[in-house]
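In case you want the letters, here they are:
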Amino acid sequence: MTHNSSPLAIAVFLLFVAVTLGITFYLGKKARSSAGYFVAHGQIPWFVNGVAFAGDYLSAASFLGICGMIAFYGYDGFLYSIGYLAGWVVALFVVAEPMKRLGKFTFADALNARFQSPGIKRAAGLSTLVVSLFYLIPQMVGAGVLVQPLLGLPHWVGVVIVGAVVITIVVTAGMVSTTWVQFIKGALLVLFSAILTVMILARGFEASPNIPPPQTVVKTAEGNILINGLPKGVGNGQGQIQPVGTISKLPSGIERTGPLGPLEFFSTLQQSEIVLWKKKEIKSADGSTTTVYTPAPTPGSQILQPGASPTFAGIRSEKLFDKLNFLSLMLALFCGTASLPHILIRYYTVKDQAAARKSTIVGIGSIGFFYVLTLYMGLGAMTSGAMDVTNSNMAAPLLARSFNQWLFAIISAIAFTTVLGTVSGLIIAASGAVVHDLMTSFLKFEMSDHGEVRAARIASVVVGAVAVMLGIVFETMNVNYLVGWAFSIAASANLPALVMLLFWPRTTKQGITAAILVGMFSSLAWILLSADTFKDVYGLPADSALVPFSQPGIVTIPLGFATVIVVSLLTRRAGQANA
Amino acid sequence: MKKIGSNVRLGLALFAIYLLLYGSFVLLAAFAPKLMEKTPLAGVNLAVWYGFGLIVAALVLALVYGWICRTNAPHEEGGHASAGEPK
């Protein structure tokens, strides 16, 4: 889709970035020591930390990915909302307080509290790094996606801008300013999503019986792009993909509904007919690829139930493996949240266990409220003529544009700070793991406090640069789908070790180290050998994949638990001798 | 670690309740999709009701946990936490 930039949007956007950076530099002066850099001295008030949880967690995947998926396929995107929120129950009831009690700076500290084993530090540090990188890819992709319609710049420029801004934030100020950026972003995101939802309800639905014509995108062998037969562009004689999204029939044939109540919204949609867009790709012998987007009128009742999207089509399939794929993803989402390094480190920024608990409850409240709104925003985008059939990640900002330019500018700027907030949290988690866990255990010397902060800054720049490159490579994938991978790896590598350490007294250090490594490598290998990766990343036929379904969780999470138990039992005697 | 505190036991009990709710939802979606299409109330289908219900349930259980833990707090966290707590 081609986009014109508007001066207003750019002004609002620049204002947001300037304010964010201003806060960063102001607060950055306070973060000289390593305790200040990594965990903000443990002095963040619990309420602020709770909203910052929302800022940290509601990443580009939630805002752009889920809304986009709902706009394209209906209810299925909301399954992610449900799974992401459910994960917080595990975080609060099982992990929050012990994490705070046992650790100081990183997830590895908590795992290692009883053993002082360099093996655990290395394994946990490595898994933190891998999970953070996997989680960074979709954030970076999201950044590029946002900058396109807003500033009219190419995808890669957006990725580089985010990379540069985030590295600046992290390097100058560490966790103190990261927390405040996340607090502001979390609060604004929830507030403006609520405003957007109210506007959707106030506008109601409108039927347009004329079904728009199919759209085609041809990519020639030389790499030129033709839209509906014309070269891509906004000028005379040039073509661009039109935004779409219409209701073809409303209940009892009315033309418009007027304002709707929050439940009426669903009951009306349930009885309407909505035009969705089917995508078909044809590769020709001359090397060109034609993608045809055809309108497909679909009953609303079908859109409001699970199983309409390719990701979750397995629900309606008769094959057991397809159903397992769905169960596997829902399990990974449930177990993943409590294993994400950038969420876990937020337990060290508050002063005690009670504050850790309270901030998690505030987090659940704000995050849950936001996820309820995703269903309204997604369906609103689907029906308001704002969809871009070529990129599902743009639904939320384009929905805002269907109201007015101001809202578009603000929502885009918030979405951009969304990316900033999450990416800075991830980079801090990753650089903390590099410096605290990997460097100290491999190099075997204690760095000075000052040296640690300097090393962490260098690590942040490197991690940020790698993330920028990956963000450019993975441009076209739905950001939410990529986050699903990060959850699977985190849940498989970290959760079994953490839970067994807390609840099974016979766990040994070898058991923990082995479980992290086995969980991480098995889930990573499963993903790389899966049908989805074959199709979307390597461009190979999906049938040639080597594993029976794409989501690893249902196999690799139990495998992690089994590893802790077996290895702990085998190494039990050695462990006792040390104790 | 040695003795399981009442906070931990409460946490696990609430966790079990939620696991049951979430597990039923996922299994229902996978094995009884027809049931999800039913519209039990206000013309809104079960999939939407149950989904919203799970989000609300998470918050309600979290508030219950926070409330009970606070009433327990004086006995529970006496040891180390009091050092950091000014009040």
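Rules of the game
- Residues numbered from 1 in each chain as written.
- Chains lettered and ligands numbered in written order.
- Predicted model: local features only at pLDDT ≥ 70, side-chain atom pairs only at ≥ 80, totals over all residues.
- Helix = DSSP H or I, 4+ residues; strand = E, 2+ residues; numbered from the N terminus.
- Buried ≥ 20, exposed ≤ 12 C-beta atoms within 10 Å, placed from the backbone.
- Contact = placed C-beta atoms within 7 Å.
- Domains from an automatic or database assignment.
- Nonpolar A, V, L, I, M, F, W, Y, C, P; charged D, E, K, R; others polar.
- Expected span 1.5 Å × (residues − 1).
- Arc of directions from axis to C-beta.
- Pairing = 2+ DSSP bridges.
- pLDDT = per-residue confidence, 0-100.
- Axes fitted to C-alpha atoms, helices over the stretch in contact; angles between N-to-C directions.
- Parallel < 35°, antiparallel > 145°, perpendicular 65-115°, else oblique.
- Left-handed = near helix turned anticlockwise from the far one by under 90°.
- Core = buried A, V, L, I, M, F, W, Y, C linked by C-beta atoms within 7 Å.

Draft legend 1. Summary view of the overall build of chain A. Across its full length, chain A holds 22 helices and six strands. Here chain A, with 579 residues, has 58% of them falling under the buried criterion. Excluding contacts between residues fewer than 6 apart, the proportion of contacts in chain A whose partners are at least 24 apart in sequence is 80%.

Draft legend 2. Layout of the overall build of chain B. A tally of helices and strands in chain B yields four helices and zero strands. Reading chain B from its N terminus to its C terminus gives the helix and strand order α-α-α-α. Taken over 87 residues, chain B has a buried fraction of 29%. Taking as baseline every contact in chain B between residues at least 6 positions apart, the subset at least 24 positions apart corresponds to 60%.

Draft legend 3. How the structure looks around the domain arrangement of chain A. Residues and elements named next belong to chain A. On domain assignment, one finds that chain A holds domain 1 (7-203 + 337-474) and domain 2 (215-316). Using only C-alpha atoms to locate each centre, domain 1 and domain 2 end up separated by 30 Å. Taken residue by residue, the interface counts 22 residues in domain 1 and 24 residues in domain 2. For the side of domain 1 that touches domain 2, the secondary structure elements donating two or more residues are helix 4 (60-73), helix 5 (76-102), helix 8 (155-203) and helix 13 (353-383). Here the side of domain 1 that touches domain 2 gets five residues from one element, more than from any other, and that element is helix 13. Across the side of domain 1 that touches domain 2, the residue classes break down as 15 nonpolar, five polar and two charged.

Draft legend 4. Looking closely at helix 21 (residues 553-570) of chain A. Residues and elements named next belong to chain A. Counted at 1.5 Å a residue, the expected span for helix 21 with its 18 residues is 26 Å, and the 25 Å between its end C-alpha atoms agrees. Considered for burial, the residues of helix 21 that qualify are G553, T556, I557, G560, T563, V564, V567 and S568. Seen from one end, helix 21 has its buried residues packed into an arc of 110°, which puts them on one side.

Draft legend 5. Just the environment of A:V462, in detail. Residue and element names in this part refer to chain A. Secondary-structure assignment places V462 in helix 16 (residues 449-473). When the 14 C-beta atoms within 10 Å are taken as the criterion, V462 is described as partly exposed. As for V462 and S431, which are separated by 31 residues in sequence, their C-alpha atoms are 9.0 Å apart.

Draft legend 6. Main features of the interface of chain A and chain B. Facing the 41 residues of chain A at the interface are 38 residues of chain B. Looking at the side of chain A that touches chain B, the elements that each hand over two or more residues are helix 5, helix 9 (264-270), helix 11 (320-336) and helix 13 of chain A. Here the side of chain A that touches chain B takes 11 residues from helix 5 of chain A, the largest share from any one element. Its residues assigned to classes, the side of chain A that touches chain B shows 26 nonpolar, eight polar and seven charged.

Draft legend 7. Examining the sheet that holds strand 6 (residues 289-299) of chain A more closely. Residue and element names in this part refer to chain A. Here six strands make up an open sheet; going across it, the order is 3-2-1-6-5-4 and the pairing antiparallel. Two strands in the sheet have a free side with no partner beyond their single neighbour: strand 3 (230-231) and strand 4 (246-249). In terms of strand pairing, strand 1 (residues 215-219) meets strand 6 through five bridges, oriented antiparallel. When the sheet's bridge partners are listed, Q215 is paired in strand 6 with Y293.

Draft legend 8. Just the confidence of the model for chain B, in detail. Of the residues in chain B, 75% have a pLDDT of 70 or more, and the chain-wide mean is 75. Per-residue pLDDT stays below 50 along residues 74-87 of chain B; that stretch engages in 11 contacts with residues further than four places along the chain or on separate chains.

Draft legend 9. Layout of the packing of helix 18 (residues 495-503) of chain A against helix 21 of chain A. Residues and elements named next belong to chain A. One can describe the packing of helix 18 onto helix 21 by two numbers: an axis separation of 8 Å at closest approach and a directional angle of 45°. Comparing the axis directions of helix 18 and helix 21 gives the class oblique. In this structure, helix 18 crosses over helix 21, and the sense of that crossing is right-handed. On helix 21, the residues touching L495, P496, A497 and M500 of helix 18 are I557, G560, F561 and V564. In terms of residue class, the contact of helix 18 with helix 21 is built from seven nonpolar, one polar and no charged.

Draft legend 10. Representation of the pairing of strand 6 of chain A within the structure. Where strand 5 (residues 273-283) of chain A lies against strand 6 of chain A, 11 bridges are found, and the strand directions are antiparallel. Of the residues in strand 6 of chain A, the one forming a bridge with A:K280 is A:V292.

Draft legend 11. Examining the nonpolar core more closely. With 210 residues, the main nonpolar core has A:C67, A:L92, A:L111, A:A381, A:A396 and B:A58 as its most contacted residues. With 19 residues, helix 15 (residues 405-443) of chain A is the single largest residue contributor to this core. For this core, the two domains that each supply at least three residues are domain 1 (7-203 + 337-474) and domain 2 (215-316) of chain A.

Draft legend 12. Looking closely at the packing of helix 5 of chain A against helix 1 (residues 6-31) of chain B. Put simply, helix 5 of chain A and helix 1 of chain B touch, their axes get as near as 9 Å, and they point 165° apart. Taken together, the axes of helix 5 of chain A and helix 1 of chain B are roughly antiparallel relative to one another. The way helix 5 of chain A lies across helix 1 of chain B gives a crossing that is left-handed. Of the residues in helix 1 of chain B, those in contact with A:A86, A:V89, A:V90, A:F93, A:V94 and A:E97 of helix 5 of chain A are B:N7, B:G11, B:L12, B:L14, B:F15, B:Y18 and B:Y22.

Draft legend 13. The pairing of strand 1 of chain A, seen in detail. Bridge count between strand 1 of chain A and strand 2 (residues 225-227) of chain A: three bridges; the pairing is antiparallel. What sits directly across from A:V217, in strand 2 of chain A, is A:I227.

Draft legend 14. Molecular detail of the environment of A:G307. Structurally, A:G307 can be placed in the loop between helix 10 (300-303) and helix 11. Once the C-alpha coordinates of A:G307 and A:F47 are considered, the two residues, 260 residues apart in sequence, prove to be 38 Å apart. In this view, A:G307 contacts A:F312, A:A313, A:I315, A:R316 and B:P33; residues no more than four positions away in its chain are not counted.

Draft legend 15. How the structure looks around helix 4 of chain A. Residues and elements named next belong to chain A. Compared with an ideal rise of 1.5 Å per residue, which puts 14 residues at 20 Å, helix 4 spans 19 Å between its outermost C-alpha atoms and is within 8% of the ideal. Of all 14 residues making up helix 4, 14 are buried, and the element is well covered by its neighbours. Residue G74 follows helix 4 closely and has a positive phi angle near 90°.

Draft legend 16. Focus on the environment of A:T291. Residues and elements named next belong to chain A. Note that T291 resides in strand 6. Given 15 C-beta atoms within 10 Å, T291 falls into the partly exposed group. C-alpha of T291 to C-alpha of N228: the two residues are 63 residues apart in sequence and 10 Å apart in space. Not counting the four nearest positions on each side in its chain, T291 is found in contact with T216, V217, K279 and E281.

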